[in-house]
Amino acid sequence: MPSSQRTWLLFWPCAWGLGIGSSGVPSLDILGLFGLGAFLMRGAGCTINDMWDRRIDAAVSRTKTRPLAAKELRLRQATAWLGLQLSLSFLILLQLPAPCLFLGLTSLGLVVVYPLAKRVTNWPQAVLGLTFNTGILIGYTAAVGGELGYIAAPSFTPAILTMYGGAIAWTLLYDTIYAHQDREEDTHLGLGSTARQLGDKTTQWLAAFGTTMISSLIVSGLLSELCWPYYAGLTIASAHLLWQVIYSGHVAHT
């Protein structure tokens, strides 16, 4: 998956959370902060993933040319690069309301453990969903941070928790499609994935994930009393997801 796509996959949940917290109109400056944060944390996540998986990547045709897997980069060099990425990300986090700090540091734990999930479960995509979509929680908290107070713990409305659940279903959908390209090699290496778990029933599960996502976002919008442009966007998203499910239906049989 191109790095620019991964950045957008991190940024959109942040924007959704900001939108809910600001009644649909987040400020451009805070959107910019989250955009830069998504770019940096996408890079940090890739670095952590490549550090954990350098030996596995060397055995997979799609990933064997990655710098650590190909031994073009040393582990200590990757560690130094990761330190720079996380330091810059932390500086951005400090620009947000104080309750965001707890959420940001907690989400880092998920970023670190996600690459290990495929070693112990066939549902690593669910862990990825928990990880990638914490931006919804952080974005919402950033938007309402002034109301929470400086030392208050984050709290979430039913609308934002419903959106978070829907976004996890979205991640399950797109990353299950993505995982099918490595299904045979994952089987050989004994690694788990939803592509292996769902097999020939992938299309039905993709439809279920998409339905869960859209339904959750509708409920979240109703609870937040959002206006018609939100639902117009969901209509377009629904059409795109339907196309993805239909077009990707062959992957379980290839």
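The structure displayed is predicted, hence computed values, not measured ones.

About the cut-offs
- Residues numbered from 1 in each chain as written.
- Predicted model: local features only at pLDDT ≥ 70, side-chain atom pairs only at ≥ 80, totals over all residues.
- Heavy atoms only, no water.
- Helix = DSSP H or I, 4+ residues; strand = E, 2+ residues; numbered from the N terminus.
- Buried < 20%, exposed > 50% of the residue type's maximum accessible area, 1.4 Å probe, protein only.
- Expected span 1.5 Å × (residues − 1).
- Patch = residues over 30% accessible without salt bridge, like charges linked within 9 Å, V, L, I, M, F, W, Y side chains within 5 Å.
- Areas by Shrake-Rupley, 256 points an atom, 1.4 Å probe, with all protein chains shown as cover.
- Salt bridge = Lys/Arg side-chain N within 4 Å of Asp/Glu carboxyl O.
- Core = buried A, V, L, I, M, F, W, Y, C linked by side-chain atoms within 4.5 Å.
- Contact = heavy atoms within 4.5 Å.
- Phe/Tyr/Trp six-rings, centres within 6.5 Å; stacked < 30°, edge-to-face > 60°.

A. Region of the structure containing the overall build of the protein chain. Broken down by element type, the protein chain carries twelve helices and zero strands. When the helices and strands of the protein chain are placed in sequence order, the string is α-α-α-α-α-α-α-α-α-α-α-α. Taken along its principal axes, the extent of the C-alpha atoms in the protein chain is 50 × 45 × 25 Å. When burial is assessed residue by residue, the protein chain has 46% of its 254 residues classed as buried.

B. Examining helix α11 (residues 202–224) more closely. The end-to-end C-alpha distance of α11 is 33 Å, a good match for the 33 Å that 23 residues give at a rise of 1.5 Å each. Residues of α11 that are buried: Thr202, Leu206, Phe209, Gly210, Met213, Ile214, Ser216, Leu217, Ser220 and Gly221. Glu225 sits one or two positions beyond α11 and adopts a positive phi of about 60 degrees.

C. Quick peek at a nonpolar patch on the surface. A surface patch of nonpolar side chains, amounting to about 730 Å² of accessible area, comprises Trp81, Leu84, Leu88, Phe90, Leu91, Leu94, Leu101 and Leu105. Going through the elements one at a time, α4 (75–93) and α5 (99–117) are the ones with two or more residues in the nonpolar patch. If you tally residues by element for the nonpolar patch, the top one is α4, at five residues. With respect to the secondary-structure elements, Trp81 resides in helix α4. With relative accessibility at 48%, the residue Trp81 sits in the partly exposed group.

D. Examining the nonpolar core more closely. Counting residues in each nonpolar core, the largest one holds 45 residues, and the members touching the most others are Phe34, Leu96, Ala142, Leu173 and Met213. Contributions of two or more residues to this core are made by α1 (3–21), α2 (28–52), α5, α6 (124–132), α7 (134–148), α8 (158–179), α11 and α12 (228–247). At eleven residues, α8 tops the list of elements feeding residues into this core. When residues no more than four places from it in sequence are discounted, the contact partners of Phe34 are Phe11, Cys14, Leu18, Leu96, Ile138, Gly139 and Ala142. Ile48, Met51, Leu68 and Leu82 belong to the second-largest nonpolar core, a separate cluster that totals seven residues.

E. Seen up close, the pattern of salt bridges. Under the criterion given, the structure shown has five salt bridges. Of the charged contacts, one joins Asp57 and Arg66 as a salt bridge, the two residues approaching to 3.4 Å between their closest N and O atoms. Of the residues examined, Asp57 reaches a relative accessible area of 6% and is grouped as buried. Residue classification places Arg66 among the partly exposed residues on the basis of a relative accessible area of 23%. It is possible to trace a salt-bridge network through shared partners that takes in Asp50, Asp57 and Arg66.

F. Representation of the packing of aromatic side chains in the model. For the structure shown, the criterion picks out nine aromatic pairs. Considering the side-chain rings of Trp8 and Phe11, the 5.8 Å spacing of their centres and the 75 degrees angle between planes classify their relative orientation as edge-to-face. With a gap of three residues between them, Trp8 and Phe11 both fall in helix α1, about one helical turn apart. The exposure class assigned to Trp8 is partly exposed, which follows from its relative accessible area of 47%. Summarising the aromatic geometry, the rings of Trp16 and Trp170 are spaced 5.3 Å apart at their centres and angled 45 degrees between planes, so their arrangement reads as tilted. Residue Trp16 is found in helix α1, and its partner Trp170 is found in helix α8; the two are separated by 154 residues along the sequence. Using a relative accessible area of 12% as the deciding quantity, one classes Trp170 as buried. Feature note: the residues Trp8, Phe11 and Trp12 constitute an aromatic cluster, connected by ring pairs.

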